[in-house]
Amino acid sequence: MKKKLLVFLSLVYCAISVAQIPSGAGGARPNAGGAAMNIGHFYGRIVEKASNKGIEAASVQLIQSKFDTLTKKRKDTLVAGMLTDKRGEFSFENLAIMSSYRLKITAIGFKEIDQKVGFEFKPGGGDMSRALSAVDKDLGNLKMEADATTLANVTVTGSKPLVTSSIDRKVFNVEKNINSAGGTAVDVMKNVPSLQVDLDGNVTLRNASPQIYVDGRPTTLTLEQIPADAISTVEVITNPSAKFDASGGTAGILNIVLKKNKKIGYSGNLRGGVDMRGKVNGGADFNLRQNKINLFGNVNYNQRKSISDGETERLSSFGKPITELHQYDHSVNEGRFAFGRFGADYFINNRNTITAGISLVGGKFKPRTVSDIFVDTLYEGSTTQSYSQRNSNTEGSFQNLGSSLGYKHNFSKPGKELTADLNFNKSHNESNNNVLTYIYPIAGSELNSRAYNQLLAGEGNNKFFTAQTDFVNPLSENAKLEMGLRAQLRGVDSRNDIAQRLPDGTIVPLEELSSKYKNSDQVYAAYTSFSNKYKKLGYQLGLRVESSSYEGTVYSTTATMKDTSQYFSNTFPLSLFPSIFLKYDLGKQQDLQFSYTRRINRPNFFQLFPFTDYSDSLNLNRGNPDLKPEFTNSLEGSYMKTYENSNNLMGSIYLKHTENQITRIQQKEANPISGDTVLINTYTNANSSFVGGIELTSKTIFYKWWELNANLNLYTSKINIDDPNVVEQDNMFSYFFKLNNTFRLPKNFTVQLSGEYTSKTILPPGGSGGGNRFGGGFMGGPSNSAQGYVRPTYYVDLSVKYEFLKNKAAAVTLSWSDIFRTRVNDVHSESAFFIQDAFRRRDPQFLRLGFSYRFGKFDASLFKRKNIRGEMQNMQNAGEGAQF
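None of these values were measured; they are calculated from a predicted model.

**As for the overall build of the chain**
- In terms of regular secondary structure, the chain is built from 6 helices and 47 strands.
- Taking all 884 residues of the chain together, 51% fall into the buried category.
- By sequence separation, contacts in the chain at least 24 residues apart represent 70% of the contacts at least 6 residues apart.
- Here the chain displays about 40,800 Å² of accessible surface, and carbon together with sulfur accounts for 56% of that area.

Here it is in structure tokens:
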């Protein structure tokens, strides 16, 4: 009854908030997000019109008209000034984007140039890519001649609202999200609209697992390995354009943009925290900009202790006799990880920049699980019960090394640029698991002689390399041509050794159950896109071409047989992936958008190789080498309206249709060691599937102290499969509703109250789409290959932040997650072989306390080297003194 009431109140609120948005909420405060944003950057080059050669020592002044309180009149004030260098280049940074300026250029023998330059602040939506390029504005080659020529006015747009929508993505500014302070990227995703996060940190976007990008490139990092405090924005790309990798099928892309500052001077942030279990976290960010070099980095250290309890009931009918299992699990997972990221920008000149970066991640984890297992064997006319206790103790570690090298060239034509990037990631993980099972005839009896001790040792290496180049050429004010090339190479080397320890201590390798394999895959791609605007209609047409192949070897050697290694490979044909994006301006800050894309999901190595993985006795897996890629056609239409005071409403309708859907199924066969009948999870290509839904997202500023973001998603999915051994599952309409309240209270207090409700939901097509090697689900394997649903659940999180010291440089944050102990994972699944109900709760009512201190001074004179050109020094200092 309480859950139904919560749903009803949530829907009522959504209707009320949408109805109230147009009024503008007279008491709401205007969006002040850009009022103090001194992040503007003008640069360019002064050249002779006749020869196009740079003019050295030309005087460039940036002037602002200010109101003089003494004379009661406006007068010109010098904001910044300098002399051009040998190439004729100039650069002004740390400019307020809310102000308007005049650019005055003088040089001996040339006529004066006096033109307007300014920042026009537009609150609310907009194209984020244009906003970012506007803040960092190239004024091009400014040509001087004897006859004065007045250049066209330059108007730019720049802002950083909480939510921004462009033609192919939604951008969420998460820097001020206090619920995730001291946590990981998983905690950040809980408050991002359109996303759902389960108990194990697995994220779904519209009921599918998205690809994870960091700073616009694929990564081998997991969300648990990225600190929340290092994230600036999250870009949700539900329908990726031709510029992005076509892989992913029905899933979209989550692009995590890490913090980076280019302001002249230095800045940083120190933070630390502790949770209710005594585990600490800490970190620091820093940025230093001096002349042509910008250094940036951040380090984080996190300790974690996670506790979960679960209960499973399963009726198995695939063997004789039929059995009924009752299992109770208590798991404790302790671990720690460290994250470091460092990089540098080298500004060769105003139009050429080299960027290099490196990231280091490492950690250790020790999950321990105690399982009490009761099994009733159902004979005709009698019942026999057995009891066993299983103790699983694991010690594991992981390391990741990432490196990147990029080059960017800005042409004199504004917006025209060439970029080239190289990215390399290398990761290593290993784990050792000792599973000791004590078997009793009944609970409380003497130990049975069938005690069993299994040892599992695993190790894996992953290498991931990408090379990409992109070229952007604005053909006119609205027309733009983009094209690029990309190569992706991946290599995986993994082994899993399984052995049994006998009562006398002897270790016997079980080579029939062990595995060792290597595989590699390559993807080569090229794309081009053209965007333009016809009256009120903006459009982007794109085409991507991809070719891919893979090869792998499964090694199998035993003491009694020769090498029986299996080699297999496949080359997927050249495929075309068109994309269409349309955006129609309805006026009054509202627009309509439509997009179509075609994407591919290639089976990965684990889905292809035919070896059975026995490392988890409750979740046996084997690939299918006959799998084909699945192709998805995706359609999406949306409407967005921005009201006064930055209130907005966005509604979307989406549909994804997939051919050759890769789906998990089950087969039964005999275990080669014990001879018992077991279930094997494997894969097949279904005929087709579709996922569709409606999504509403709104932001409402009710008062200057209360802001609310709401997200409602209604969706359904259906798999059509032509297999007599698999029963088709009826489609089910589901929804989830997410609210995020921010209250700005007196005395520098901020309260964030957020919650989510998810209705009864069908199991995702094909399962979760991936596993968590470092502590995934419990008893989750069979459900991924079966029909079923997840029962309704909801949770509420609360955080309080207090800011103090000058300019609110310091802050203390207390966060409390799942305050009502209602967040659970409750799954019902069934197939032709079993019926199962699994319930689990993890870390309810969890408290975390954090402290942060922000420092910095954006003053170029602190780092300026001596310069013999005294006039340039004096003008620069005068300009800095006039800034505000």
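**Digging into the sheet that holds strand 1 (residues 40–48)**
- Taken together, the 3 strands give an open sheet; going across it, the order is 4-1-7, and neighbouring strands pair in mixed fashion. Either end of the sheet is taken by a strand with one partner, and the two such strands are strand 4 (89–95) and strand 7 (136–144). Averaged over all adjacent pairs, the angle separating strand axes in this sheet is 15°, with direction ignored.
- The pairing of strand 1 with strand 4 spans 5 bridges and is antiparallel. Opposite Arg45, over in strand 4, you have Glu89 as the bridge partner.

**Some remarks on the side chain of Thr238**
- By the element assignment, Thr238 lies in the loop between strand 15 (231–237) and strand 16 (253–258).
- When its relative accessible area of 10% is taken as the criterion, Thr238 is described as buried.
- Among the polar contacts made by the side chain of Thr238, one reaches the side chain of Glu636 at a distance of 2.8 Å.
- In contact with Thr238, not counting residues within four places along its chain, are Leu205, Arg206, Gly252, Glu636 and Lys656.

**Thoughts on the pattern of salt bridges**
- This structure, assessed with the given rule, holds 24 salt bridges.
- Here Asp138 ties to Arg351 by a salt bridge, and the two come within 3.4 Å at their closest N and O atoms. Here Asp138, found in strand 7, pairs with Arg351, found in the loop between strand 20 (322–349) and strand 21 (352–379); they are 213 residues apart in sequence, far enough to count as distant.
- With a relative accessible area of 7%, Asp138 lands in the buried category.
- For Arg351, a relative accessible area of 6% gives the class buried.
- With a closest N to O distance of 3.1 Å, Lys279 and Glu334 form a salt bridge. Of this pair, Lys279 sits in the loop between strand 17 (265–275) and strand 18 (280–290) while Glu334 is found in strand 20, placing the two residues 55 residues apart along the sequence.
- If you follow the salt bridges from partner to partner, you end up with Lys243, Lys480 and Glu482 in one network.

**Re the nonpolar core**
- Core analysis: the largest hydrophobic core is formed by 29 residues, its most contacted members being Met189, Leu223, Ile226, Ile231, Val234, Leu254 and Ile256.
- Elements with a contribution of two residues or more to this core: helix 3 (185–189), strand 11 (195–197), strand 12 (203–205), strand 13 (211–214), strand 15, strand 16, strand 20 and strand 21.
- Broken down by element, the residue count for this core peaks at 4 residues, all from helix 3.
- Counting 24 residues, the second-largest nonpolar core is a separate cluster that includes Ala58, Leu62, Phe92 and Ala96.

**Observations regarding the packing of aromatic side chains**
- Tallied over the entire structure, the rule returns 18 aromatic pairs.
- Look at Phe90 and Phe92: their rings are 5.9 Å apart centre to centre, the planes differ by 50°, and that puts the pair in the tilted class. In terms of burial, Phe90 and Phe92 fall into one category: buried.
- Considering the side-chain rings of Trp706 and Phe743, the 5.8 Å spacing of their centres and the 25° angle between planes classify their relative orientation as stacked. Highlighted residues: Trp706 in strand 38 (residues 706–720) and Phe743 in strand 39 (residues 734–745), separated in sequence by 37 residues.
- Joined through ring pairs, the aromatic side chains of Phe702, Tyr703, Trp705, Trp706 and Phe743 make up one cluster.
- It is Arg314 that lies over the ring of Phe834; its NZ or CZ is 5.6 Å from the centre.

**With respect to the sheet that holds strand 35 (residues 662–670)**
- Overall, mixed pairing links the 4 strands, which are arranged 31-32-36-35 in an open sheet. Of all the strands in the sheet, the pair left with one neighbour each is strand 31 (612–613) and strand 35.
- As defined by bridge partners, strand 32 (residues 620–622) adjoins strand 36 (residues 677–685) across 2 bridges and the pair is classed as parallel. Bridge pairing in strand 36 links Leu620 to Ile680.

**A look at unusual backbone geometry**
- Positive phi outside glycine occurs at Leu805, with the angle close to 70°.
- Within the secondary structure, Leu805 is located in the loop between strand 43 (793–804) and strand 44 (810–817).
- For Leu805, a relative accessible area of 53% corresponds to the exposed category.
- Of note, Asp818 is a non-glycine position whose phi angle comes to about 50°, a positive value.
- Structurally, Asp818 can be placed in the loop between strand 44 and strand 45 (824–830).
- Given a relative accessible area of 4%, Asp818 falls into the buried group.

**Topic: the side chain of Glu695**
- With respect to the element layout, Glu695 can be found in strand 37 (residues 688–703).
- Judged by relative accessible area, Glu695 falls into the buried class, the value being 1%.
- When near neighbours in sequence (up to four residues on either side) are disregarded, Glu695 contacts Lys170, Pro193, Ser194, Arg206, Met650, Gly651, Ser652, Tyr654, Asn711, Leu712 and Asn713.

**Focus: the pairing of strand 1**
- In terms of burial, strand 1 is largely enclosed, as 8 of its 9 residues are buried.
- By the bridge criterion, 7 bridges tie strand 1 to strand 7 in an arrangement that is parallel. Across the sheet, Glu48 pairs through a bridge with Met144, a residue of strand 7.

**Here's the deal with the confidence of the model for the chain**
- When the pLDDT values of the chain are averaged, the result is 79; 79% of them are 70 or greater.
- Contacts from residues 147–160, a stretch scored under 50 in pLDDT, to residues over four places away or in other chains number 40 contacts.
- Low confidence marks residues 858–884, where pLDDT is under 50. Its contacts with residues over four positions away, or in another chain, come to 63 contacts.

Calculation rules
Residues numbered from 1 in each chain as written. Predicted model: local features only at pLDDT ≥ 70, side-chain atom pairs only at ≥ 80, totals over all residues. Heavy atoms only, no water. Helix = DSSP H or I, 4+ residues; strand = E, 2+ residues; numbered from the N terminus. Buried < 20%, exposed > 50% of the residue type's maximum accessible area, 1.4 Å probe, protein only. Contact = heavy atoms within 4.5 Å. Areas by Shrake-Rupley, 256 points an atom, 1.4 Å probe, with all protein chains shown as cover. Pairing = 2+ DSSP bridges. Axes fitted to C-alpha atoms, helices over the stretch in contact; angles between N-to-C directions. Polar contact = N/O pair within 3.5 Å; in protein donor to acceptor, adjacent residues only side chain to side chain. Salt bridge = Lys/Arg side-chain N within 4 Å of Asp/Glu carboxyl O. Core = buried A, V, L, I, M, F, W, Y, C linked by side-chain atoms within 4.5 Å. Phe/Tyr/Trp six-rings, centres within 6.5 Å; stacked < 30°, edge-to-face > 60°. Lys NZ or Arg CZ within 6 Å of the ring centre and 35° of its normal. pLDDT = per-residue confidence, 0-100.

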